[in-house]
Amino acid sequence: MNVLVIGSINTDFVVESEVLPQLGETVLGKNFSMHSGGKGANQAVAAARLGAKVSMIAAVGNDEMGQREIEILKQEKIDTTGIVIKNGVSTGIAVITLSQNDNCIIVVGGANLALSIDDIEKNQHKIQSADVIVCSLEIPLECVQYACWQAKRYNKHFILNPAPAQNLPDELLENATLITPNVWEYAKLFRLPENSSSDDVWHHFQQYSSPSTVMTCGIHGVLYHHNHLVYNQPAFEVGVVDTTGAGDTFNGALAAFFDLPCTDAIRYAAAAASLSVTRHGARNGMPSAQELEKFLEENGA
Ligand code: RIB
């Protein structure tokens, strides 16, 4: 598959802590590490490791972090010629706290927010030669909307990963081939009451979601539509080390397997996402095609 990711590139600064601080409080953490990240770049790497031919349209700052992130993407055999270097802004960063088998993330968009429609237009040929285009929301919304129009214009599949959560124009939701929120993004996207429980969200999905919506539910797997019914693909049992990037792995894998029947593509993507949480960092656990195949065999799937 030819996969084009139009999305973010970040450097992740990760701390681990037993407890999260309250506002105004200081707590002692355990470990600190730096990793490559950004939802877009993570999705690109996930798809490339699974054998897709991947290119990116993205932006980094004119700094060491940006150069380093581009080099790392090249090593993953990703076409980086659509990555623009922006002066006067820093490469995007994320501050990630790992605690109690989950994470919380603050992203400072930097150069990601300077990506423009013009940058995408200059890479039109990448849209034309893609089979699937993947976008998430760490770049300006106007770029995502433009990418979606272009995908429609050239009859390409468009996967919209609505992360981080925000309200979106109906037109974007209607024109995406697939929308892939997690539970909390789903609640925000479809304006469920703020105090909705995950059960409320599941119920809403079963009653009202459109066939183009695929919802990732962490350890509860994935909810999706097939033949007018809602199915649950369970998550695979693994030892959780770091959940950062699990959703990105799912999206990248889904794009890489887009030509397979939907139940297979979702099962493989769920397996890849499960494997991704077994190592530290957003990308270290992302499997190669061979690792995924072995894992599926061992798990009777
Ligand atoms: O989805 C995980 C990613 O979100 C991290 O790599 C971080 O950079 C943020 O973009």
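You'll find the structure just up there.
Residues numbered from 1 in each chain as written. Predicted model: local features only at pLDDT ≥ 70, side-chain atom pairs only at ≥ 80, totals over all residues. Heavy atoms only, no water.

All chains considered together, the criterion is met by 9 salt bridges. Measuring nitrogen to oxygen at the nearest pair gives 3.5 Å for the salt bridge that ties Lys30 to Glu18. Of this pair, Lys30 sits in the loop between strand S2 (10-16) and strand S3 (32-37) while Glu18 is found in the loop between S2 and S3, placing the two residues 12 residues apart along the sequence. Judged by relative accessible area, Lys30 falls into the exposed class, the value being 52%. Here Asp264 makes a salt bridge to Arg267, at a shortest N to O gap of 3.1 Å. Here Asp264 and its partner Arg267 are both found in helix H10 (residues 262-276), 3 residues apart, which amounts to about one turn of the helix. (Salt bridge = Lys/Arg side-chain N within 4 Å of Asp/Glu carboxyl O. Helix = DSSP H or I, 4+ residues; strand = E, 2+ residues; numbered from the N terminus. Buried < 20%, exposed > 50% of the residue type's maximum accessible area, 1.4 Å probe, protein only.)

What sets the pattern is the α-helix's 3.6 residues per turn: residues three or four places apart point alike. The terminal C-alpha atoms of helix H5 (residues 141-153), which comprises 13 residues, lie 18 Å apart, in line with the 18 Å expected from a rise of 1.5 Å per residue. For H5, the complete set of buried residues consists of Cys143, Val144, Tyr146, Ala147, Cys148, Gln150 and Ala151. Residues of H5 that are buried in the fold lie against strand S1 (2-6), helix H3 (117-121), helix H4 (124-128), strand S8 (132-136), strand S9 (157-161) and helix H6 (170-175). Phi for Asn155, located one or two positions after H5, is positive at around 60°. (Expected span 1.5 Å × (residues − 1). Contact = heavy atoms within 4.5 Å.)

With that settled, the discussion passes to the site of the ligand. As a structural note, the neighbourhood of the ligand is formed by 14 residues, with Asp12, Gly38, Lys39, Glu138 and Asp248 the closest of them. Contacts to the ligand include Gly38, whose backbone N or O atom sits 2.9 Å from an oxygen atom. In this structure, Asn42 approaches the ligand through a side-chain N or O atom, which is 3.0 Å from an oxygen atom. Relative to its unbound accessible area of 280 Å², the ligand is 96% covered by the protein chains. Residue assignment for the shell around the ligand shows that the elements contributing at least two residues are S2, helix H1 (39-49) and strand S7 (102-108). Of the residues that constitute the shell around the ligand, the class distribution is 4 nonpolar, 6 polar and 4 charged. (Near = heavy atom within 4 Å. Polar contact = N/O pair within 3.5 Å; in protein donor to acceptor, adjacent residues only side chain to side chain. Areas by Shrake-Rupley, 256 points an atom, 1.4 Å probe, with all protein chains shown as cover. Nonpolar A, V, L, I, M, F, W, Y, C, P; charged D, E, K, R; others polar.)

Take the packing of H10 against helix H11 (residues 289-298) next. Their axes nearest at 10 Å, the elements H10 and H11 cross at an angle of 100°. The orientation of H10 with respect to H11, classified from their angle, is roughly perpendicular. Of the residues in H11, those touching H10 at Tyr268, Ala271, Ala272 and Leu275 are Glu291, Leu292, Phe295 and Leu296. Grouping the constituent residues of the contact of H10 with H11 by class yields 7 nonpolar, no polar and 1 charged. (Axes fitted to C-alpha atoms, helices over the stretch in contact; angles between N-to-C directions. Parallel < 35°, antiparallel > 145°, perpendicular 65-115°, else oblique.)

Right, let's get into the packing of aromatic side chains. One pass over the structure, following the stated rule, counts 6 aromatic pairs. Taking 4.6 Å as the distance between ring centres and 45° as the angle between the ring planes, the aromatic pair formed by Tyr186 and Phe190 counts as tilted. For Phe190, a relative accessible area of 28% translates into the label partly exposed. Between the aromatic rings of Tyr186 and Phe205, the centroid separation amounts to 5.8 Å while the plane-to-plane angle is 45°, which identifies the pairing as tilted. Of this pair, Tyr186 sits in helix H7 (residues 183-189) while Phe205 sits in helix H8 (residues 198-208), and the two are 19 residues apart along the sequence. For the pair Tyr186 and Phe205, one class covers both residues: buried. Taken together, the ring pairs connect Tyr186, Phe190 and Phe205 into an aromatic cluster. (Phe/Tyr/Trp six-rings, centres within 6.5 Å; stacked < 30°, edge-to-face > 60°.)

Here we take up unusual backbone geometry. A negative phi holds for most residues other than glycine; trans holds for most peptide bonds. At the junction of Ala163 and Pro164, the peptide bond is cis and its omega measures out at -5° in the coordinates. By the secondary structure assignment, Pro164 is in the loop between S9 and H6. Here the phi dihedral of Gln100 falls at roughly 50°; this positive angle occurs in a residue that is not glycine. Classification of Gln100 as exposed rests on a relative accessible area of 64%.

Here we come to the sheet that holds strand S13 (residues 229-233). Read from one edge to the other, the open sheet built from 3 strands follows the order S11-S12-S13, with strand pairing classed as antiparallel. Because the sheet does not close on itself, it has two edges, and the strands there are strand S11 (215-216) and S13. By the bridge criterion, 2 bridges tie S11 to strand S12 (residues 222-226) in an arrangement that is antiparallel. Looking at the pairing, Met215 lines up with Leu223 of S12. Each of S11, S12 and S13 is contacted by H8, which is oriented at about 10° to S12, the strand it contacts most. (Pairing = 2+ DSSP bridges.)

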